[in-house]
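Survey of secondary and tertiary structure
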Amino acid sequence: MAKKSFRQAINEALRQEMDRDPTVVLMGEDVAGGAGAPGEDDAWGGPLGVTKGLMPRFGRERVFDTPITESAFIGCAAGAAATGLRPVADLMFVDFMGVCFDQIFNQAAKFRYMFGGKAKTPLVIRTMYGAGFRAASQHSQCLYPIFTHIPGLKVVIPSSPYEAKGLMIQAIRDDDPVIFFEHKVMYDDEEEVPDEPYVIPFGEANFLRDGEDVTIVALGRMVKFAVQASDILEKEGIESTVLDPRTTSPLDIASILESVGETGRLVVVDEASPRCNMATDISAQVAEQAFDALKAPIRMVSPPHVPVPFSPSLEDEFLPSPEKIAASVRAVMEAPARRAAA
Amino acid sequence: MADLAALTMPKLGLAMTEGQVASWHREEGDVIAAGEEIADIETPKITAAYESPAGGTLRRKVVAPGETVPVGALIGVLAEPAAEEAEIDAFIAEWQARFAASAAAEGPAAPEPERIETPFGPIQVLETGPADGKPLVLIHGFGGDLLTFFLLQPLLTERYRALALDLPGHGGSTKTLPGADPASLAAVVSAVMSARGMKPAHLLGHSLGGAIALALAEAEPERVSALTLVSPAGLGPEINGDYIAGFIAARRPRELTSLLATLFAGGQSLITREMIEGVLRYKRLDGVTAALTAIAAANMPEGRQAKSFRHLLADAARPVQIAWGRQDRIIPAMHAEGLPAHVRVSIFEDAGHMAHMEKAADLARLLES
């Protein structure tokens, strides 16, 4: 089986779904690029080359460049989805959602519910997130908690090339609006990805390690860090379960609760800002529903509550790391055993 | 100099490059019989018992439990009780130096599966052994793929030109079925044999693959020179319908782990994370659920086998042997009873439905004799 990059995996998912279903269209700023300039067709294929090659294959009718007007083309995509197409819109950096959020949370997210279940909105919004790219505060955020907060949206955060392809195909086939988060420093990550189309269902967590001492929940790029932390800890005799929820909405809280029921300890790793993020949400749900299973306080590993720094050394310090995750796990393991509920 | 014997990391399967000594069953100083299981070897694909290649006293465990070493690396030393410690140290040092030198010179790469075009669509095959070897076709069962023979196939390379294939709906082959009954799937096997210039061949079929081998013997008897059937379908009505339905439905690793445990006599200990992940990834491919559902409906509707090929075994002209694990919980081993005398039946007491994995070496010996 061929190794493919995160970028290639998403490109292949888009291509296969466009081959299979003529209603799938792509739109966004420079998803092809070079419109009207001789010899410059398909110059970009998206800012980091994810959609490269799709315009020559499917034509500008199905892969079209939009003006730099997120409010217009995200609104256009929502309308197109409600009227029979399956658009995949490229919001480029999730930091740009501020100018088109009404189209997403007041319009696309509400159609199914406010039109009495008669409308479906098979819209995918692809967007880049995350720090580590030296792109400063306005191009480095992890805003998925904000989308997770909105009922009616599905939120997908793939953690590897294999995951990205299967989740993208599911996103396109899904009849609800899906926000698909791509971590910008993961595009060159490689692993074996099947050539054939396949789907990974939403709301089903992936278990990457099985251990009985502690559960580590992580999302997106943090999954790799959590696995690295797990391997460090294993050498110290600490056996951890690493769980990737894959989607924050729907969230596979059942698998998280089941695992915490077995380990009694939870560490949640989230690259998003620490207030009202996925770590706080998951921790709250576990504390509410599985308090008696907990042997130690829950730990959350997130960046500090500040804008992402532009200084490379500060940005590195800002991010969670395998070492920080391992340190939190050790702290959870060393916490005095909680007295069991009477 | 005393007689010293090296215990080395075995190669369990075509693609194995390294393995872990999961645990030692015996202590230094214990007297070991040849063929005795003295350690468990773990790879991402499988955990298997390590049989001592010779008898003697286990004088040294070179590799500690949990340690991973390359295939062929020294893991322990057998010697007479009289052998000096210094002699053993020297043996190990010399052995390690020689191994390091040979590891530097790279061996041939493992054979890779390839996809061939057939009138039924692309079919993935893996061929091993010499071109002038006896032709042997390996046919897997329901929900499996050619990798199910990853332990057996490398043991056959001296004598056989062995071709394992992924049936339609399985592995890396087309997910479009030409039909779901054994005869339709047998036509695909026949097409692969034609494409590969294998006129008559010895067919080895496991489970549903056994019924497909029998169906090919029925439709094109001239193509089938001999049959080896491992826990085959097609010899009786019983089959574990809960397993079949559960396999189609399973989506989570845990469901699948307990389900796959019913395949082996050893239960869950043989099942690795990679095995589970591989099956889940296969089941997510477009068209797989539809294909499995169609095959189940055609071959084992309502938990009973639809077709019997027992009558075909009456023909004494073609050599037929049957291997079965006594603890098979998918298709009962009693289906091997009451067959004509010329059918050679081998029952493995401590194997389940997967004798070609659980008893690969024994099955290979049956194919050599």
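Residues numbered from 1 in each chain as written. Chains lettered and ligands numbered in written order. Predicted model: local features only at pLDDT ≥ 70, side-chain atom pairs only at ≥ 80, totals over all residues.

**Some thoughts on the sheet that holds strand β9 (residues 206-209) of chain A**
As a general point, the strands of a sheet are linked pairwise by backbone hydrogen bonds and lie either parallel or antiparallel. All names here are of chain A. As a reminder, the rule being used: At least two DSSP bridges between two strands are needed for those strands to be called paired. Strands here mean DSSP runs of E at least two residues long; helices mean DSSP runs of H or I at least four residues long; both are numbered from the N terminus. Angular values range over 0 to 180 degrees, each being the angle between N-to-C directions of two axes fitted as lines to C-alpha atoms, with helices fitted over their stretch in contact. Note on contacts: residues are paired as contacts if their backbone-placed C-beta atoms lie within 7 Å.
Pairing within the open sheet is mixed, and its five strands lie in the order β9-β11-β10-β13-β14. For this open sheet the edge positions go to β9 and β14 (299-301), each flanked by a neighbour on one side alone. Geometrically, the sheet is characterised by an average inter-axis angle of 25° between neighbouring strands, direction not taken into account. Sheet topology places strand β10 (residues 214-218) next to strand β11 (residues 240-244); four bridges connect them, and they run parallel. The residue bridging Val214 from the neighbouring strand is Ser240, located in β11. Docked against the sheet, helix α8 (residues 221-235) engages β9, β10, β11 and β13 (266-269), running at close to 155° with respect to β10. Against the sheet, helix α10 (residues 278-289) engages β10, β13 and β14, with an angle of about 155° to β13.

**Observations concerning the interface of chain B and chain A**
What counts, and what does not: Side-chain classes are defined by residue name, with Ala, Val, Leu, Ile, Met, Phe, Trp, Tyr, Cys and Pro counting as nonpolar, Asp, Glu, Lys and Arg as charged, and the others, Gly among them, as polar.
Contact residues are listed per partner, giving seven residues for chain B and ten residues for chain A. Classifying every residue of the side of chain B that touches chain A gives two nonpolar, no polar and five charged.

**A word on the nonpolar core**
Using the following cut-off: To form a nonpolar core, buried Ala, Val, Leu, Ile, Met, Phe, Trp, Tyr and Cys residues must be joined through C-beta atoms within 7 Å. Burial in this document is a count-based property: other C-beta atoms within 10 Å of a residue's C-beta are tallied, and the residue is buried at 20 or more, exposed at 12 or fewer, or partly exposed in between, with C-beta positions derived from the backbone.
Counting residues in each nonpolar core, the largest one holds 190 residues, and the members touching the most others are Ile216, Ala226 and Val269 of chain A together with Val189 of chain B. Of the residues forming this core, the biggest block, eight residues, is contributed by helix α3 (residues 208-219) of chain B. Ignoring any residue separated from it by four or fewer positions in sequence, one finds Ile216 of chain A in contact with Ala226, Ala229, Ser230, Ser240, Thr241, Val242, Val267, Val269, Ile325 and Val329 of chain A.

**As for the environment of Gly152 of chain A**
Residues and elements named next belong to chain A. Relative to the elements of secondary structure, Gly152 occurs in the loop between α6 (144-148) and β6 (154-156). Sequence separation between Gly152 and Lys235 is 83 residues, and the spatial gap between their C-alpha atoms is 43 Å. When sequence neighbours within four positions are dropped, the list of residues in contact with Gly152 reads Ala109, Lys110, Arg112 and Tyr113.

**What about the pairing of β10 of chain A?**
All names here are of chain A. β10 sits mainly inside the fold: five of its five residues count as buried. Side chains Val214, Ile216 and Ala218 of β10 all project onto a buried face; the interleaved residues Thr215 and Val217 project onto the opposite face, where all are buried too. Note that β10 and β13 share four bridges and pair parallel. Looking across to β13, one finds that Ile216 is bridged to Val267.

**A look at helix α3 (residues 70-82) of chain A**
Residues and elements named next belong to chain A. Under the convention used in this document: Given a helix with a known number of residues, its expected span is that number minus one, times 1.5 Å. Directions drawn from the helix axis to the C-beta atoms are what define this arc.
For α3, spanning 13 residues, the distance from its first C-alpha to its last is 18 Å, which sits close to the expected 18 Å at 1.5 Å a residue. If you check which residues of α3 are buried, you get Glu70, Phe73, Ile74, Ala77, Ala78, Ala80 and Ala81. Along the axis of α3, the buried positions cluster into a sector of 165°, meaning they face one direction only. Its buried side turned inward, α3 meets β2 (24-28), β4 (86-93), α4 (101-108) and β5 (124-129). Once α3 ends, the next one or two residues include Gly84, with phi positive near 120°.

**Regarding the domain arrangement of chain B**
All names here are of chain B. Quick note on the threshold: Per the annotation, domain bounds derive from an automatic or database assignment of domains.
Domain parsing of chain B yields domain 1 (4-104) and domain 2 (114-368). Tallying the contact residues gives seven residues for domain 1 and nine residues for domain 2. For the side of domain 1 that touches domain 2, the class distribution of residues is four nonpolar, two polar and one charged.

**Here we look at the pairing of strand β4 (residues 37-42) of chain B**
Residues and elements named next belong to chain B. Note: strand β2 (residues 18-24) against β4, four bridges, orientation antiparallel. In the strand pairing of β4, Val21 is matched with Ile41. Pairing between β4 and strand β5 (residues 47-51): five bridges, direction antiparallel. Across the sheet, residue Glu37 finds its bridge partner in β5, namely Glu51. Where β4 folds back on β5, the antiparallel hairpin that results is connected by four residues.

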